[in-house]
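Spelled out, the chains give:
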Amino acid sequence: LLSYELANDLSKAGQYQLAKRYATWQWHDKALMLTNLSQYKNDLSLRFPLAHYKLVEKYSEKYNVEEAFIYAIIRQESTFRKKVRSSAGALGLMQVIPSTARIISRKYNIRLRNMKKMYQPKTNLNIGTAYLSHLAKRFNNHPVLIAAAYNAGPRQVNKWLKTLPNRETDLWIEALP
């Protein structure tokens, strides 16, 4: 596996070739790292992979959440790593906190025997997308509020809505702590 330091020693063309190889191996996080370093930032298939497409398509339809939004969450939260755990304890592709996973699995009748299942794309995408749908209902389909609530929690977003001045969306985002 390649570190940032070693990747910097490769030529830009070498970084790009290795990124393409990583993508064929489904190592999307490493492909993203290399395309961010290289001059080949226009290769959208490397920078925005459609990993787990059939599952994303299935849960997008089931929960009425745009596929692009699901991919944006995955890319930001885990860079497409299935077996990752954050310092806050969030799990898998969509980085769902275990307590949230339990609540959503009960609410949407999704089988979740143990938290190890959250490392499986099928379970993680099902629960993560159901949670996005839940947040969409709660925040009137406002994508910025949904994304903020997904990341920081709905209570925090409600607090920010009350305490931060009402501004244009981009200014409100910049005012978030």
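Residues numbered from 1 in each chain as written. Predicted model: local features only at pLDDT ≥ 70, side-chain atom pairs only at ≥ 80, totals over all residues. Heavy atoms only, no water.

A short note on the pattern of salt bridges
Here's step 1: With the rule as written, the count across this model stands at one salt bridge.
Here's step 2: In this structure, Lys 30 and Asp 29 form a salt bridge, with 3.5 Å as the shortest nitrogen-oxygen distance. (Salt bridge = Lys/Arg side-chain N within 4 Å of Asp/Glu carboxyl O.)

Things to note about the packing of aromatic side chains
Here's step 1: Here the structure, examined in full by the defined rule, presents seven aromatic pairs.
Here's step 2: Ring centres 5.1 Å apart and planes at 65° place the aromatic pair Trp 25 and Trp 27 in the edge-to-face group.
Here's step 3: On the basis of relative accessible area, Trp 27 is assigned to the partly exposed category, the value being 34%.
Here's step 4: Each member of the aromatic cluster is reached from another via a ring pair, and the members are Tyr 22, Trp 25 and Trp 27. (Phe/Tyr/Trp six-rings, centres within 6.5 Å; stacked < 30°, edge-to-face > 60°. Buried < 20%, exposed > 50% of the residue type's maximum accessible area, 1.4 Å probe, protein only.)

Here we look at helix α9 (residues 143-152)
Because the α-helix completes a turn every 3.6 residues, residues three or four places apart line up on one side.
Here's step 1: When α9 is considered as a whole, its buried residues turn out to be Leu 145, Ile 146, Ala 148, Ala 149 and Tyr 150.
Here's step 2: The inward-facing, buried residues of α9 contact α6 (67-78), α8 (121-138), α10 (154-163) and α11 (169-175).
Here's step 3: Taken from the residues just after α9, Gly 153 is the one with a positive phi, measuring 100°. (Helix = DSSP H or I, 4+ residues; strand = E, 2+ residues; numbered from the N terminus. Contact = heavy atoms within 4.5 Å.)

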